[in-house]
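Next come the chains, spelled out residue by residue.
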Amino acid sequence: MPDMRNALFWRWYRTLPILFMTAMLALTLVVEIMPIDMVRSVFFPVSYAYSIDDAAERHGVDPNAIKLRCWA
């Protein structure tokens, strides 16, 4: 007779959140390992990103906030 406690643990409502968290962890690690230029092209798809960087540095503002606003 199989052990019912062990069999009940692997139910869909327990394994799906674990799989989702594992997938999010893997996605986070992939983004962390990616080169910064590739991350910029994926998350900040503006053609003038480098001019935003230069202007933000001159004016003392956060360039990522400007890029996110341009992308939205």
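Because the structure is a prediction, the values reported are computed rather than measured. (Residues numbered from 1 in each chain as written. Predicted model: local features only at pLDDT ≥ 70, side-chain atom pairs only at ≥ 80, totals over all residues. Heavy atoms only, no water.)

1. Here we look at the overall build of the protein chain
- Secondary structure assignment for the protein chain yields five helices and zero strands.
- Looking at the protein chain as a whole, 12% of its 72 residues qualify as buried.
- With the model as given, the accessible surface of the protein chain reaches about 6,400 Å², and the carbon-plus-sulfur share is 68%. (Helix = DSSP H or I, 4+ residues; strand = E, 2+ residues; numbered from the N terminus. Buried < 20%, exposed > 50% of the residue type's maximum accessible area, 1.4 Å probe, protein only. Areas by Shrake-Rupley, 256 points an atom, 1.4 Å probe, with all protein chains shown as cover.)

2. Some words on a nonpolar patch on the surface
- A cluster of nonpolar side chains, contributed by Phe-9, Trp-10, Ile-18, Phe-20, Met-21, Met-24 and Leu-27, occupies part of the molecular surface with about 760 Å² of accessible area.
- When residues in the nonpolar patch are grouped by element, the largest group, five residues, is from helix α2 (residues 12-33).
- Positionally, Phe-20 belongs in helix α2.
- Taking relative accessible area as the criterion, Phe-20 reaches 52% and is therefore assigned exposed. (Patch = residues over 30% accessible without salt bridge, like charges linked within 9 Å, V, L, I, M, F, W, Y side chains within 5 Å. Salt bridge = Lys/Arg side-chain N within 4 Å of Asp/Glu carboxyl O.)

3. Quick word on helix α4 (residues 49-59)
- Here α4 has its buried residues at Ala-49, Ile-52, Asp-53 and Ala-56. Viewed end-on, α4 has its buried residues packed into an arc of 100°, placing them on one side of the element. Along α4, exposed side chains directed more than 90 degrees from the buried face belong to Tyr-50 and Arg-58.
- Within two residues after α4, Gly-60 carries a phi angle of roughly 75°, on the positive side. (Arc of directions from axis to C-beta.)

4. What about the environment of Ile-52?
- Structurally, Ile-52 is set in helix α4.
- For Ile-52, a relative accessible area of 8% translates into the label buried.
- Ile-52 sits 12 residues away from Asn-64 along the chain, and the two C-alpha atoms are 9.0 Å apart.

5. Considering the confidence of the model for the protein chain
- Taken over all residues, the pLDDT of the protein chain has a mean of 80, while the share at 70 or more is 79%.
- No element of the protein chain has a lower mean pLDDT than helix α5 (residues 63-71), at 65, and none a higher one than α2, at 93. (pLDDT = per-residue confidence, 0-100.)

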